[in-house]
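In case you want the letters, here they are:
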Amino acid sequence: MGWDTVIEIRGLGKRFVGQDGGTVEALREVDLDVGDNEFLTVLGPSGCGKTTLLKAIAGLIGWNEGDIHIGGRPVRGPGPDRSMVFQNFALLPWATVLDNVAFGLRMRGVAKAERDERARALINMVGLSGFETKRPGELSGGMQQRVGIARALAVRPQVLLMDEPFGALDEQTRRLLQEELLSIWEEHRLTVVFITHSMEEAVLLGDRVVLMSARPGRIAEIVPVPLDRPRSRDLGALERSGHYVEVTAYLWDRLRDMHEEHSASRVSG
Ligand SMILES: Nc1ncnc2c1ncn2[C@@H]1O[C@H](COP(=O)(O)OP(=O)(O)OP(=O)(O)O)[C@@H](O)[C@H]1O
Ligand SMILES: [Mg+2]
């Protein structure tokens, strides 16, 4: 299989200055390559800088050291090659489902007839036909996140950035959306960076799992996932496979080691 790098991150460092004037080092010396069509999952403790990393790739925030290239071009801000799906859905509450999905196309000056047609096709793809004229407040969490995914895909991005998109959903809905996302990815061959708190989710979806360590956020290890593709049809069966059990056991061990190292360094430092 050919390996073309789409996202190239070198020496990325990011510090925040808080309200109290104190500095938080969110990311330190992050190096990461993400391949074309890769599904990369990112796992790490709360506050380790996952959202910060994703927002930097999206071009929504700046950074202090290093650089990020997408398709060979340096990231200087948001661009049509990248879309982000947020944990809290981040839909426009006053706009209909159709207008929410078409929003990015409108921003890009796509004519109304074309953007509505594209939005309808995506709404259909995420299983929300019939809900075009509803507002987000009239939808369940799972339905709102479907709208978020459709909206992100509407601009036909090369890179889809997802920040714990299913974290707020019940288990059944989460499983359905995981399988839907995989089948969309299998069909459209996007590059996905997917952040999650769930080790199970990281393994089920990812080609590789990036383990980040606690503050300052660094990449501790990258673990390849030895599960066959396509996986969209029956994630439940995959969860019972030997490879799945092995790789999750390995990740548990690594996370426990990291936790212990972190505790030890806090005691000594
Ligand atoms: N705008 C900001 N101003 C100041 N500090 C910030 C800001 N955004 C993030 N931070 C700090 O940077 C660190 C990393 O935050 P980030 O949101 O990237 O973590 P995370 O890994 O996404 O956490 P979680 O899993 O809880 O979502 C945290 O210590 C956080 O307090
Ligand atoms: Mg976060």
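Report follows, based on the coordinates. Since this is a predicted model, take the numbers as computed values, not measurements.

Comments concerning the nonpolar core
Grouped together as the largest cluster of nonpolar side chains are 52 residues, with contacts concentrated most on Phe39, Val101, Leu160, Met162, Val192 and Phe194. In terms of residues, this core owes the most to one element, helix α4 (residues 141-154), which gives seven residues. Leave out the neighbours within four places in its chain, and Val192 touches Glu38, Phe39, Leu40, Leu160, Met162 and Trp185. Counting residues in each nonpolar core, the second largest holds 26 residues, with Val6, Val42, Leu54 and Ala56 among its members.

Here's the deal with the environment of Met84
Assignment of secondary structure puts Met84 in strand β6 (residues 82-85). The buried category is assigned to Met84, whose relative accessible area is 11%. A C-alpha to C-alpha distance of 6.2 Å links Met84 and Ala152, two positions 68 residues apart in sequence. Setting aside anything within four residues of it in sequence, one finds Met84 in contact with Leu54, Lys55, Ala58, Leu60, Ala152, Leu161 and Asp163.

Structural notes on unusual backbone geometry
A cis amide bond links Arg229 to the next residue, Pro230, at an omega of -10 degrees. Of note, Pro230 is situated in the loop between β10 (218-224) and α7 (235-239). Despite not being glycine, Arg156 shows a phi value in the positive range, around 50 degrees. Summarising the element assignment, Arg156 is placed in the loop between α4 and β7 (159-163). On the accessibility criterion, Arg156 (59% relative accessible area) is exposed. Although it is not a glycine, Arg189 sits at a positive phi angle of roughly 50 degrees.

A look at the pattern of salt bridges
In total, this model carries 14 salt bridges according to the counting rule given. Linking Glu25 and Arg28 is a salt bridge whose minimum nitrogen-to-oxygen distance equals 2.7 Å. You can call Glu25 partly exposed: its relative accessible area is 25%. According to the relative accessible area criterion, Arg28 is partly exposed, its value standing at 29%. The partner of Arg208 in a salt bridge is Glu38, and the shortest N-O contact between them spans 2.5 Å. On the criterion of sequence distance, the pair formed by Arg208 in strand β9 (residues 208-213) and Glu38 in the loop between β2 (23-35) and β3 (39-43) is long-range, its members being 170 residues apart. The class for Arg208 is buried, based on a relative accessible area of 18%. Salt bridges here are not isolated pairs; linked through shared partners, they connect Glu221, Arg254 and Asp257.

Structural notes on the site of ligand 1
The immediate surroundings of ligand 1 are formed by 14 residues, with Ser46, Gly47, Lys50, Thr51 and Thr52 found nearest. Separating an oxygen atom of ligand 1 from a side-chain N or O atom of Ser46 is a distance of 2.6 Å. Take Lys50: an N or O atom from its side chain is 2.7 Å from an oxygen atom of ligand 1. Calculation on ligand 1 without its partners gives an accessible area of 640 Å², and the protein chains cover 65% of this total. It is helix α1 (residues 50-58) that provides the largest number of residues to the shell around ligand 1, a total of three residues. When grouped by side-chain class, the residues that make up the shell around ligand 1 number five nonpolar, six polar and three charged.

Rules used throughout
- Residues numbered from 1 in each chain as written.
- Chains lettered and ligands numbered in written order.
- Predicted model: local features only at pLDDT ≥ 70, side-chain atom pairs only at ≥ 80, totals over all residues.
- Heavy atoms only, no water.
- Core = buried A, V, L, I, M, F, W, Y, C linked by side-chain atoms within 4.5 Å.
- Buried < 20%, exposed > 50% of the residue type's maximum accessible area, 1.4 Å probe, protein only.
- Helix = DSSP H or I, 4+ residues; strand = E, 2+ residues; numbered from the N terminus.
- Contact = heavy atoms within 4.5 Å.
- Salt bridge = Lys/Arg side-chain N within 4 Å of Asp/Glu carboxyl O.
- Near = heavy atom within 4 Å.
- Polar contact = N/O pair within 3.5 Å; in protein donor to acceptor, adjacent residues only side chain to side chain.
- Areas by Shrake-Rupley, 256 points an atom, 1.4 Å probe, with all protein chains shown as cover.
- Nonpolar A, V, L, I, M, F, W, Y, C, P; charged D, E, K, R; others polar.

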